[in-house]
Amino acid sequence: MKKYYALLLPFLLCLMSGCSEIGSKTSDVSAIYVATAILSILMLVSYFLLIRKKEKWLVILFVSVVIINTGYLWLSQTTTLDSALMANRLSYLGSVFMPLSMMMTIIKVCKYRYNKLVPVLLSAISLFVFVIAASPGYLDIYYKEVSLVTENGVSVLEKVYGSWHNIYPVFLFGYFAAMVTAIVYATSKKKISSAMQAIFLLGAVLANICVWLIEQFVKIDFEILSISYIISELFLLGLYLLMQEGEKLFLAQTAEETQAAQIPKELLEQQKRFIEGLDTLTPTEKAIYELYVEGKGTKEVLETMGIKENTLKFHNKNLYGKLGVSSRKQLIEIAKWL
């Protein structure tokens, strides 16, 4: 882990230098937008370089932050209102999917079961909020009036808020509240593997909450959320590095224990494939797997999952294939070693 922290240290130093410029309120605020845009790209690259197993929602989160900071940078440099509105829309596009992807990431880390329609519904809500936030220039429901002005050498939108403007703050508050609740509940129920993981998750969320609250009461000539998003990325990247290291240690420990017990090499390889396969399971397959490990029979699984027998057979085929087993009995036997 130390080598990973060494790679992240330059990012933290850049963030600290950026924050000092905000405090001094110099005219070169645009340089901070350039720095945050570059940092967000570097964070995305770092994720792909450092994390072995990619998570869909975490990729969306990192891409969303790139989109957000690109929009902020574009807006700061533009000279026309139409271009500024387009840049504002780009930032909102990332801003509505960033909390969604963070929420789904937290759900996965906390090992919550959820219906496959949940991300679809949340995505639909995000798109609705984006359409409202992107309406300036076409409708006056989000901004009654909007104009482009230059402050400290940086272009900003001067706005008179419309009747629908509160929809975005409510959207953010709802997500923040749901994230904190999910983390606290998962910690109390020991769904999270360690206290350190809970700290990383809370850090990622609270960084945004604190900055968002500051923006509500303090006028700052800079979109400081662009920095809080990067701080959240650092927490989540650190979390996944921690989990990755933990998995390596677990595999190494399992290998030592297996070797000590003189278990055949073939079984060791099967265990390794089994562990790696667990990370590829869909939420439904993961739920079925956990029910099998708990000792539930076919009838109980069907009742708990609310599915038909043919559907269960379909999921079993995929489940067994991913874990490299041929039967439920073999699945349970290998699971006992984990």
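Shown above is the structure to which this text applies.
What comes next concerns the included structure. (Residues numbered from 1 in each chain as written. Predicted model: local features only at pLDDT ≥ 70, side-chain atom pairs only at ≥ 80, totals over all residues. Heavy atoms only, no water.)

**Overview of the pattern of salt bridges**
Rules: Salt bridge, as used here: a side-chain nitrogen of Lys or Arg that lies within 4 Å of a carboxyl oxygen of Asp or Glu. Helical segments are the DSSP runs of H or I of at least four residues, strand segments are the runs of E of at least two, and each set is numbered from the N terminus. Burial classes: relative accessible area under 20% of the type maximum marks a residue as buried, over 50% as exposed, and values in between as partly exposed (1.4 Å probe, protein chains only).
Tallying each qualifying case throughout the model produces 4 salt bridges. The closest approach of N and O atoms between Lys108 and Glu55, which form a salt bridge, is 3.9 Å. One end of the pair, Lys108, is in helix 4 (residues 81–109); the other, Glu55, is in the loop between helix 2 (29–50) and helix 3 (56–77), with 53 residues separating them in the sequence. When its relative accessible area of 17% is taken as the criterion, Glu55 is described as buried. As a salt-bridge pair, Arg113 and Glu290 come within 3.1 Å of each other at their nearest N and O atoms. Of this pair, Arg113 sits in the loop between helix 4 and helix 5 (117–133) while Glu290 sits in helix 10 (residues 283–293), and the two are 177 residues apart along the sequence. According to the relative accessible area criterion, Arg113 is partly exposed, its value standing at 44%.

**Things to note about the packing of aromatic side chains**
Counted only if it meets this: When two rings of Phe, Tyr or Trp (its six-membered ring) have centres within 6.5 Å they constitute a pair, described as stacked for plane angles under 30 degrees, edge-to-face for angles over 60, and tilted for the intermediate range.
For the coordinates displayed, the defined rule picks out 13 aromatic pairs. Relative to Tyr143, the ring of Tyr142 has its centre 5.0 Å away and its plane inclined at 45°; by these criteria the two rings are tilted. Of the two residues, Tyr142 and Tyr143, both sit in the buried class. Aromatic side chains Phe274 and Tyr289 sit 6.0 Å apart centroid to centroid with 55° between the ring planes, which places their arrangement in the tilted category. Here the residue Phe274 occupies a position in helix 9 (residues 265–278), and Tyr289 occupies one in helix 10, the gap between them amounting to 15 residues.

**A short note on the packing of helix 4 against helix 7 (residues 195–217)**
Counted only if it meets this: Throughout, an axis means a line fitted to C-alpha atoms (over the contacting stretch in the case of helices), and angles, computed between N-to-C directions, take values from 0 to 180 degrees. Orientation labels follow simple angle bins: below 35 degrees gives roughly parallel, above 145 gives roughly antiparallel, 65 to 115 gives roughly perpendicular, and whatever is left gives oblique. Crossings are assigned a handedness: left-handed for a near helix turned anticlockwise from the far helix by less than a right angle, right-handed for a clockwise turn. Throughout, a residue-residue contact means that at least one pair of heavy atoms, one from each residue, lies within 4.5 Å. Side-chain classes are defined by residue name, with Ala, Val, Leu, Ile, Met, Phe, Trp, Tyr, Cys and Pro counting as nonpolar, Asp, Glu, Lys and Arg as charged, and the others, Gly among them, as polar.
Two elements in contact, helix 4 and helix 7, have axes whose closest approach is 12 Å; the angle formed by their N-to-C orientations is 165°. Of the possible angle classes, the one that applies to helix 4 and helix 7 is roughly antiparallel. Relative to helix 7, the crossing made by helix 4 is left-handed. Contact residues: Met98, Met102, Ile106 and Val109 in helix 4; Gln197, Leu201, Ala204, Val205 and Asn208 in helix 7. Among the residues making up the contact of helix 4 with helix 7, the classes are represented as 7 nonpolar, 2 polar and no charged.

**Quick word on the packing of helix 10 against helix 11 (residues 298–305)**
Close contact between helix 10 and helix 11 brings their axes to 10 Å; oriented N to C, the two are set at 140°. With respect to helix 11, the axis of helix 10 lies oblique. Here helix 10 and helix 11 pass one another in a crossing that is right-handed. Along the contact surface, helix 10 presents Thr284, Ala287, Ile288, Leu291 and Tyr292, while helix 11 presents Val301, Thr304 and Met305.

**A look at the pairing of strand 2 (residues 154–161)**
Keep this limit in mind: At least two bridges found by DSSP between two strands is the condition for calling them paired.
Summarising the sheet, strand 1 (residues 143–151) and strand 2 pair through 8 bridges and their orientation is antiparallel. Bridging from a neighbouring strand, Ser147 pairs with Glu158 of strand 2. Connecting the antiparallel pair strand 1 and strand 2 is a turn made up of 2 residues, with Asn152 showing a positive phi of about 55°.

Don't take any of this as a statement about function, it's just geometry.
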